[in-house]
Amino acid sequence: MPRIIVTAGKDYLDIDAYAGIVAYAELLRQLGEESIAVSSAPFNSSITPTQQKLDVGFTRTYQPRADDTFVVVDLSDPEYFDTLIAPERVVGVIDHHVGHESYWQERIGKGASIEFIGAACTLVVEQWKQHGKLDTMPPAVAELLAAGIIDNTLNFKATLTTPRDHAAYAAVCSVASLDADWAESYLKQCQEYLLQDFPTALANDTKLITYPDYRQPVAVGQLMALNAQQIIDTFGPIAKDLLTKQSDSWYLNILDMRQGVSCFYTTHQPTKLWLEKVLAVEFDDDIAVAKRLWLRKEIFKEATNEQ
């Protein structure tokens, strides 16, 4: 029987991707397919030690077979696929980032599920519902999916959050028996994990993005924190050093969960001017505070709409 390999990107694995690949691989197995969840990418700080200890069938070991096919979760840009993927054998894409819908529709038709909603995990939960398998979802998998939805919707404060995200979260909380305080506990774990090793956390949550109206790729770091100013004051020089190694154009987006705003930090003047134009923010020295939370994928969409 051919295997279906469920995986994600090559740069890092966040909780939305991690939960998505293990949950979708488990669903395929319950539907009678041979499937494994695998990744060669490092975990970022959204996957805390607590989540890493959950027994969910994830592996780092992959021995390729000629008849392997691939499903990619939380990603649709082939340039950033995990290096273990054979692009010509991708049969499924489950993603909530815009920009490559037509590309995949032409190649795999109904195998492409790409919608601009809060979390890729929401799309995976909906697959479980559609197949009538929600009652057989392992509680550990449900807990990971809950974390993915909380992280990618910013605890439902992100503007791209939909009623579908709320419904998916309620469903997996029921399966995993998670109480009303669980989300706050998870966010605190993420903060503690971030502070333990900031350079690694930033390195594992940085993307080199080519915006449609900008002259060169931009190194964009994105971190969720309970106090953005504290992060900038403590780790600003480290962030600058790490991001400028990838591109002269760079910025750090810190999602301040207490204030419900994005704090942008950069010392690069052209990048400041570009952010001011696209997001209508104003820099005071090297920091601009938005009136809302901006996710990296929302900024890309906003920059695209500016065209």
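Read on for an overview of the structure. (Residues numbered from 1 in each chain as written. Predicted model: local features only at pLDDT ≥ 70, side-chain atom pairs only at ≥ 80, totals over all residues. Heavy atoms only, no water.)

## Describing the overall build of the protein
Phase 1 of the analysis: Summing up its helical and strand segments, the protein has 11 helices and 12 strands in all.
Phase 2 of the analysis: Its C-alpha atoms put the protein at 60 × 40 × 35 Å along the principal axes.
Phase 3 of the analysis: Relative to its full complement of 307 residues, the protein shows a buried share of 57%.
Phase 4 of the analysis: Summarising the internal contacts of the protein: among those between residues at least 6 apart in sequence, 67% fall at separations of at least 24.
Phase 5 of the analysis: Within the structure as shown, the protein displays about 13,000 Å² of accessible surface, and the carbon and sulfur contribution to it stands at 49%.
Phase 6 of the analysis: Separation between the mean location of the 26 positive side-chain charges and that of the 42 negative ones in the protein comes to 2 Å. (Helix = DSSP H or I, 4+ residues; strand = E, 2+ residues; numbered from the N terminus. Buried < 20%, exposed > 50% of the residue type's maximum accessible area, 1.4 Å probe, protein only. Contact = heavy atoms within 4.5 Å. Areas by Shrake-Rupley, 256 points an atom, 1.4 Å probe, with all protein chains shown as cover. Lys, Arg positive; Asp, Glu negative; His and termini not counted. Charge placed at Lys NZ, Arg CZ, Asp CG, Glu CD.)

## With respect to the pairing of strand S1 (residues 3-7)
Phase 1 of the analysis: For S1, the tally of buried residues reaches 5 of 5 residues, placing the bulk of the element in the interior.
Phase 2 of the analysis: Alternating positions in S1 separate into two faces, Arg3, Ile5 and Thr7 on one and Ile4 and Val6 on the other, with burial throughout.
Phase 3 of the analysis: Examined bridge by bridge, S1 and strand S2 (residues 34-38) share 4 bridges and lie parallel to one another. Across the sheet, the residue bridging to Val6 is Ala37, located in S2. (Pairing = 2+ DSSP bridges.)

## Regarding the sheet that holds strand S12 (residues 287-289)
Phase 1 of the analysis: Pairing is mixed in the open sheet, where 6 strands are placed in the order S7-S8-S9-S10-S12-S11. Lying at the two open borders of the sheet, with one neighbouring strand each, are strand S7 (206-209) and strand S11 (283-284).
Phase 2 of the analysis: Pairing analysis gives 3 bridges linking strand S10 (residues 261-265) to S12, with the strands arranged antiparallel. Residue pairing in the sheet places Tyr265 in a bridge with Ile287 of S12.
Phase 3 of the analysis: On the sheet, helix H10 (residues 269-279) packs against strand S9 (250-256), S10 and S11 and is oriented at approximately 50° with respect to S9. (Axes fitted to C-alpha atoms, helices over the stretch in contact; angles between N-to-C directions.)

## A word on the environment of Val172
Phase 1 of the analysis: Structurally, the position occupied by Val172 is in helix H6 (residues 163-176).
Phase 2 of the analysis: For Val172, a relative accessible area of 0% corresponds to the buried category.
Phase 3 of the analysis: Separated by 100 residues in sequence, Val172 and Lys272 have C-alpha atoms that sit 40 Å apart.
Phase 4 of the analysis: Filtering out sequence-adjacent residues up to four positions away, Val172 remains in contact with Val125, Met137, Ala142, Leu145 and Ala146.

## Some thoughts on the packing of aromatic side chains
Phase 1 of the analysis: The tally for this structure, following the rule as stated, stands at 14 aromatic pairs.
Phase 2 of the analysis: Ring geometry for Phe156 versus Tyr169: centroids 5.2 Å apart, planes at 70°, classification edge-to-face. With Phe156 in the loop between helix H5 (139-152) and H6 and Tyr169 in helix H6, the pair connects residues that are 13 residues apart, well separated along the chain.
Phase 3 of the analysis: Judged by relative accessible area, which is 12%, Tyr169 ranks as buried.
Phase 4 of the analysis: The ring of Phe43 is capped by Arg60, whose NZ or CZ atom sits 4.7 Å from the centre of that ring. (Phe/Tyr/Trp six-rings, centres within 6.5 Å; stacked < 30°, edge-to-face > 60°. Lys NZ or Arg CZ within 6 Å of the ring centre and 35° of its normal.)

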